[in-house]
Amino acid sequence: MSDKSQKIMVALAGQPNSGKSTIFNILTGARQHVANYPGVTVEKKTGSFRLQDDRVELVDLPGTHSLTSYTLEERIARDFLLNDKPAAVVDVLDASNLERNLYLTFQLAEMDISLVIDLNMIDVAEKRGIKIDTQKLSQELGAPVISTVGNKGKGKRRLKEAILSASKKRQAAHFRINYGDDLEPILDSLEKRLSEEMEISSRYPVRWLTVKLMENDEEAQKLVRKYSQKSGVILKLAEEKREAFKLEHKKSPQKVIAITRHQEAERIVEASVTRSKEITRTLTDRIDEVACSRYFGPVVLVATIYLIYELAIVQGYKITEYTWPLLAWSRDLIASLLPSEGFIFDPFFRSMPIWVVDGTIAVLNYVPIFLILFALIAILEDTGYMARMAFILDRIFRHFGLHGQSVLPMVIGGLYVGGCAIPGVLACRGMKDEKARLATILIVPLMNCLAKIPFYVLLIGMFFAAYKGIAMFFIATITIIIALSVAKLLNLTVLRKRLRAPFVMEMPPYHIPTTGGVLRRCLERTWLFVKKIITIVILVSVIVYALIYFPGISEERKAHFISQAEQAQKIFFKKTGKDNPYAGFMAGDNLMDFTRYWRDYKKAKMGAKGKKAKQAVEQGFREKNLEFFKIVKRGKYKVKGEMIKDKHAKKVYTAYKKLGKTTNKLRREIKEETIITSYMGRAGLFLEPLTRWAGFNWRVNIALMSSFAAKESSVATLGGIYQSPPGEKHRLEDRMKEKEKGWTALHVLAIMLFMAMYPPCIPTLLMIKVETGSIKWMLFATFYPIVLGSIIAVFIFTGGNLLGLSGMQAMFAFYILALIVLVLMGLIKREQEFA
Amino acid sequence: MTLDEIKPDQECEIVDTTSGGIMEQRLLDMGFIPGTRIKVVRNAPLVDPVEFLLKGYNISLRHSEAKQVEVTLL
Ligand SMILES: Nc1nc2c(ncn2[C@@H]2O[C@H](COP(=O)(O)OP(=O)(O)OP(=O)(O)O)[C@@H](O)[C@H]2O)c(=O)[nH]1
Ligand SMILES: [Mg+2]
């Protein structure tokens, strides 16, 4: 049966917010596939469902008010309808807004499409006292009309039936707008002329093409040029008729066409709709009275933003404390499957995979945050509050070439302290204004993402310990100040030629979001993210590993380290003594076994919290190897409930402790030497003469460069470079201070600001590539922050030194300067909006 | 007069749209056609943009955009 079944392509079209995606979900259930339309960032959602013997491929088109070729969404929806020629199109209408929705329906009908009219949100219409005579409407439009309540799943069966019969008939709706006595004759003659062109008239609906040519639609003109030999003649004819019409009627044809459509919609609504009550104040009105008011509006907005920050970033971060052990456990599991570690050198196939796994789980660690964030964004989108945010903030953001809608991505990216640029960039999706969208995408990475925070905390601890609060506030707010100025600068330069869209924004009525809808969207986006990011993270961390660990230390040095290790082992055996009963257990390969046992034991003991867990660890290791256990317990252990003091075991313990210290020291030295002699290390040294102006020495250079893969690693790399002397346990701040005696607060401030401007991490760059659809922007997003960060760091360090400023003075001076720049940037006049 | 001059809670009727190009097309698509009654609902907290009510739905424009719609006060 299945091989006989046909695939029927059906599209869902409709105005924004009419419930297309909701209808899509009830029709397809969970089977769906989300991707992007080729080359652009508009989501393409396809799914399929069975309809009797056939399989229906359903495509959710972007919501559009009209089908001109001015906006991306409209072009996509239109091209799909024209080129993929779906068997039927379900036009989803918001029944409570019938008149405006019909405006699009007419344009669909004009495209010779087999239409099914879905009167959705019938419940909302009823609540507003709007009663629609579906039979009359069906008559008027010449297409079947089904009423549905999408979020309740009402009308699903009838809708499916209608889809089936419409796609079988494949008959265009026989509705045709009469554009009036002035325009119709012109349309007629142009249509006749076009029908003579075989190729184009077989490809595209002729009436539609005629109307579009009269509307002076660029894409339609392109079609004519492409598929008609006589395109010159036809386009000239259309142009002449347009101009003649304009002269005679003092109105452009496109205006007359739009007006006629609206009038026709009005007529049909009058004929098929009865209103039982006149509602003057809806609930939405009453909410907006507060939510958009002069004084409460901003308060509500700030509260909302704060709530998002608190729930997703703060609480989400707390959740990661519970999910982290899970990730750590899987890391250990993978580690246990790899070749085991060596005495001082680990095999490549151990250290490399572990490095990669570490990098991957560092990103996976943020999944709980993403889940919450995406759910909150879905709620914001569904309720309709997003439009209000843009409404309230547009005035401020516009001065910097941004849009009211820029605020959400910035909050997610870490407007205050802690965020993540990846979902931040993703959240720029809904922005219609191409120029503002690009600017927002480019500045979101300047916000303070979660991974930068430990680095700040470390550096503030070094030199600004007395002013922790002020320093943190400085770094949290200076990034916004700089980002806004940067946005304006980009706007005046690289983005100068980009298209601006009119602000014209609908303020949809508030909706209560459905749990299913929110969950589905949040899981969908998180999954998309995880899939895309992980592959890239793995790839890049392999490369970074190679840069940090290769070419590796020379054979000579290797031999040197090995002989030192052997020397230490000899001392160990000598100290243990030949006649020690444990000597046999430590001989040969057993020493390596014991080393692993010792390391595992220490780690397990550290990880065990609480008395019970500690006891379990003891028991486990006792069972694993009793002789080794006696040694790690320093010879104090119980046999049949009696405490025993084992002199020999204690002796081995003491000797091994010495050996362990030596091997650890050797391992650290090897690591340091490896990093210094690696490609990355050489680059760090090579750059030192330049970076000295910013106060960075080669060690800082390495740490900063290695952060490129994931900023989480910056503190870890510093930890690797500034090893604590053997036997002493100092905090990293103190170790750095110890080693960098010459550092002043200016050094640290410069490093901190460089980190604030640090280029986006690889996953974010990947997201930028996806969202801008161009590698060029991705590269730009990589390099401009480096330039900017370097300028700022040099400015702080060299400038501060010249003026003899202290760290705090430099901080204040820079802050005030940045504020002045910001105000000046805001005052620069914006260019003319549109042509 | 033009739409940006109308104060909140006042009502007016559209006479014509004047901008041409993409802006005008957007306005026409959204129902800003001659003869339509339009009510100014409210200004944003920072005065710009403005929210309007026409044909039963709400829409916001910047002042600079509303300037391109000619109206008469009702
Ligand atoms: N009351 C009511 N709400 C509905 C109905 N159908 C959908 N909704 C809600 O309307 C909101 C918008 O629905 P969507 O399906 O996202 O609309 P859309 O047409 O896909 O919107 P865009 O993709 O932005 O064009 C959601 O919050 C839905 O839960 C309905 O029949 N009645
Ligand atoms: Mg949708």
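Heads up: these notes are all about the structure in this document.

Parameters and conventions
- Residues numbered from 1 in each chain as written.
- Chains lettered and ligands numbered in written order.
- Predicted model: local features only at pLDDT ≥ 70, side-chain atom pairs only at ≥ 80, totals over all residues.
- Heavy atoms only, no water.
- Phe/Tyr/Trp six-rings, centres within 6.5 Å; stacked < 30°, edge-to-face > 60°.
- Helix = DSSP H or I, 4+ residues; strand = E, 2+ residues; numbered from the N terminus.
- Lys NZ or Arg CZ within 6 Å of the ring centre and 35° of its normal.
- Pairing = 2+ DSSP bridges.
- Contact = heavy atoms within 4.5 Å.
- Buried area = accessible area lost by both parts, 1.4 Å probe.
- Salt bridge = Lys/Arg side-chain N within 4 Å of Asp/Glu carboxyl O.
- Polar contact = N/O pair within 3.5 Å; in protein donor to acceptor, adjacent residues only side chain to side chain.
- Nonpolar A, V, L, I, M, F, W, Y, C, P; charged D, E, K, R; others polar.
- Buried < 20%, exposed > 50% of the residue type's maximum accessible area, 1.4 Å probe, protein only.
- Axes fitted to C-alpha atoms, helices over the stretch in contact; angles between N-to-C directions.
- Parallel < 35°, antiparallel > 145°, perpendicular 65-115°, else oblique.
- Left-handed = near helix turned anticlockwise from the far one by under 90°.
- Near = heavy atom within 4 Å.
- Areas by Shrake-Rupley, 256 points an atom, 1.4 Å probe, with all protein chains shown as cover.

Brief notes about the packing of aromatic side chains
Argument step 1. Counted by the stated rule, this structure contains 24 aromatic pairs over all chains.
Argument step 2. Aromatic side chains Trp355(A) and Tyr549(A) sit 5.9 Å apart centroid to centroid with 80 degrees between the ring planes, which places their arrangement in the edge-to-face category. Of this pair, Trp355(A) sits in helix H15 (residues 348-364) while Tyr549(A) sits in helix H23 (residues 515-549), and the two are 194 residues apart along the sequence.
Argument step 3. Plain terms: the ring middles of Phe594(A) and Phe628(A) are 5.0 Å apart, the flat faces sit at 80 degrees to each other, and that makes the pair edge-to-face. Of the two residues, Phe594(A) is situated in helix H26 (residues 590-607) and Phe628(A) in helix H28 (residues 626-632); the sequence distance between them amounts to 34 residues.
Argument step 4. Ring pairs connect the aromatic residues Phe594(A), Tyr597(A), Trp598(A), Tyr601(A), Phe621(A), Phe628(A), Tyr653(A) and Tyr656(A), which therefore count as one cluster.
Argument step 5. The ring centre of Tyr57(B) lies 4.2 Å from the NZ or CZ of Arg100(A), which sits over that ring.
Argument step 6. Directly above the aromatic system of Tyr510(A) lies the positively charged group of Arg388(A), at a separation of 4.2 Å from the ring centroid.

Here's the deal with the pairing of strand E3 (residues 43-51) of chain A
Residues and elements named next belong to chain A.
Argument step 1. As defined by bridge partners, E3 adjoins strand E4 (residues 54-60) across 7 bridges and the pair is classed as antiparallel. The partner of Gly47 across the bridge, within E4, is Leu58.
Argument step 2. Between the antiparallel neighbours E3 and E4 lie 2 residues, among them Gln52 with a positive phi of about 50 degrees.

Some points on the interface of chain A and chain B
Argument step 1. On the side of chain B, 35 residues touch chain A, which itself brings 39 residues to the contact.
Argument step 2. Buried surface at the junction of chain A and chain B, summed over both partners, amounts to about 3,600 Å²; 57% is from carbon and sulfur atoms.
Argument step 3. When the buried area of chain A at its contact with chain B is split by residue, Lys255(A), Phe391(A) and Val504(A) rank highest and sum to 19% of it.
Argument step 4. Between the two partners, chain A and chain B, sit 6 salt bridges.
Argument step 5. In this structure, Lys255(A) engages Glu24(B) in a salt bridge whose closest nitrogen and oxygen atoms are separated by 3.0 Å.
Argument step 6. Counting the contacts that link chain A with chain B gives 15 residue pairs in polar contact (both at pLDDT 80 or more).
Argument step 7. Those elements that provide at least two residues to the side of chain A that touches chain B are helix H3 (98-110), helix H12 (253-272), helix H13 (283-291), helix H17 (385-398) and strand E10 (505-506) of chain A.
Argument step 8. Its residues assigned to classes, the side of chain A that touches chain B comprises 15 nonpolar, 8 polar and 16 charged.
Argument step 9. Bridge count for E10(A) against strand E4 (residues 57-61) of chain B is 2 bridges, and the pairing is antiparallel. If you follow Met505(A) over to E4(B), its bridge partner there is Ser60(B).

Here we look at the side chain of Lys435(A)
All names here are of chain A.
Argument step 1. Here Lys435 shows up in helix H20 (residues 434-443).
Argument step 2. Of the residues examined, Lys435 reaches a relative accessible area of 1% and is grouped as buried.
Argument step 3. A distance of 3.2 Å separates a polar side-chain atom of Lys435 from the backbone oxygen of Arg496.

Regarding the packing of H20(A) against helix H22 (residues 468-492) of chain A
All names here are of chain A.
Argument step 1. Direction vectors running N to C along H20 and H22 enclose 135 degrees, while the axes themselves pass 10 Å from each other. In terms of their interaxial angle, H20 and H22 are classed as oblique. Like other packed secondary-structure pairs, H20 and H22 cross with a definite hand, here right-handed. Of the residues in H22, those in contact with Lys435, Ala439, Leu442 and Ile443 of H20 are Ala483, Val486, Ala487, Leu490 and Asn491.
Argument step 2. Per-class residue counts for the contact of H20 with H22 are 7 nonpolar, 1 polar and 1 charged.

Topic: the site of ligand 1
All names here are of chain A.
Argument step 1. Taken together, 18 residues lie near ligand 1, and Lys20, Ser21, Thr22, Asp123 and Gly150 sit nearest.
Argument step 2. Here Ser18 contributes a backbone N or O atom positioned 3.2 Å from an oxygen atom of ligand 1.
Argument step 3. Within the side chain of Thr22, one N or O atom sits 2.5 Å away from an oxygen atom of ligand 1.
Argument step 4. Relative to its unbound accessible area of 650 Å², ligand 1 is 84% covered by the protein chains.
Argument step 5. If you list the elements that add at least two residues to the shell around ligand 1, you get helix H1 (20-28) and helix H4 (122-127).
Argument step 6. Of the residues forming the shell around ligand 1, the biggest block, 3 residues, is contributed by H1.
Argument step 7. Split into classes, the residues belonging to the shell around ligand 1 amount to 4 nonpolar, 11 polar and 3 charged.

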